[in-house]
Amino acid sequence: MAAISSIDAAQIGDFSAPITTLSADDTITIAPGKKQLLVLRNTTGGSLTCTIDGSTGTTVYAPGVGNVDVSAGKAIVVAAGLSRAVVLSTISAYCQGVVHLTGAATLTAQLFDL
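Parameters and conventions
- Position labels on residues start from 1 in each chain and follow its written sequence.
- Reporting in this predicted model follows two pLDDT cut-offs: at least 70 for local features of residues, and 80 or more for side-chain atom pairs to be given and counted; totals over whole chains, interfaces and linings ignore these cut-offs and use all residues.
- Side-chain descriptors were evaluated using all non-hydrogen atoms of the structure, hydrogens and water having been removed beforehand.
- For two strands to be treated as a pair, DSSP must find no fewer than two bridges joining them.
- Helix and strand labels come from DSSP, where a helix needs a run of H or I of at least four residues and a strand needs a run of E of at least two; each type is numbered from the N terminus.
- Buried means the residue's accessible area, taken with a 1.4 Å probe over protein chains only, is under 20% of the maximum for its type, while exposed means over 50%, and partly exposed covers the values in between.
- Should any heavy atoms of two residues lie within 4.5 Å, those residues are considered in contact.
- Any two cysteine sulfur atoms lying within 2.5 Å of each other are counted as a disulfide.

### Regarding the sheet that holds strand E1 (residues 3–4)
Thinking step 1. Pairing is mixed across the open sheet formed by five strands, whose spatial order is E1-E4-E11-E6-E9. A single partner strand is all that each edge strand has here, and the edge strands are E1 and strand E9 (74–78).
Thinking step 2. When strand E6 (residues 48–54) meets E9, the two strands line up antiparallel, connected through five bridges. Residue Leu48 lies in a different strand from E9, and its bridge partner there is Val78.

### Concerning the pairing of strand E11 (residues 99–102)
Thinking step 1. One ladder, built from four bridges, connects strand E4 (residues 25–28) with E11; its direction is antiparallel. Bridge pairing in E11 places Ile28 opposite Val99.
Thinking step 2. In this sheet, E11 lies alongside E6 in antiparallel orientation, the contact comprising four bridges. Bridged to Asp53 within E11 is His100.

### Section: unusual backbone geometry
Thinking step 1. Although it is not a glycine, Thr106 adopts a positive phi angle of roughly 90°.
Thinking step 2. Inspection of the secondary structure puts Thr106 in the loop between E11 and strand E12 (108–113).
Thinking step 3. Thr106 gets classed as partly exposed once you look at its relative accessible area, which sits at 42%.

### A word on the side chain of Thr27
Thinking step 1. By the secondary structure assignment, Thr27 is in strand E4.
Thinking step 2. In this structure, Thr27 is in contact with Met1, Ala2, Ala3, Ile4, Val98, Val99 and His100, ignoring residues within four places of it in sequence.

### As for the state of the cysteines
Thinking step 1. Going through the model one piece at a time under the given rule, you end up with zero disulfides.
Thinking step 2. Between Cys50, a free cysteine, and Cys95, which holds the nearest cysteine sulfur, the sulfur-to-sulfur gap is 11 Å.
Thinking step 3. Look at Cys50 and you get buried, because its relative accessible area is 0%.
Thinking step 4. Given the relative accessible area of 10%, Cys95 is considered buried.

Dropping the structure here:
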């Protein structure tokens, strides 16, 4: 398990943006007050699913819906040869506590602080 470091994207001009290859279980750190963009890339020949799962996420209340179970995490399917991105604040219910990226060994990831 590796901790994925975030990349400061609030810079002038070009900057280094390291790419990390995921293992079966990696972690990211949520930076309160910062907009963070997670980019996942699949360079394999088959579809892979990355689950974003905060260790303390259980249920959240959604107006008009009621309680929603977030304990299983948010699954993001990345088809072969494609990439997917998510602004983490839009799925904050799944990003409570220690946030794990699981089930997607060989995907590559970048976490940008915008």
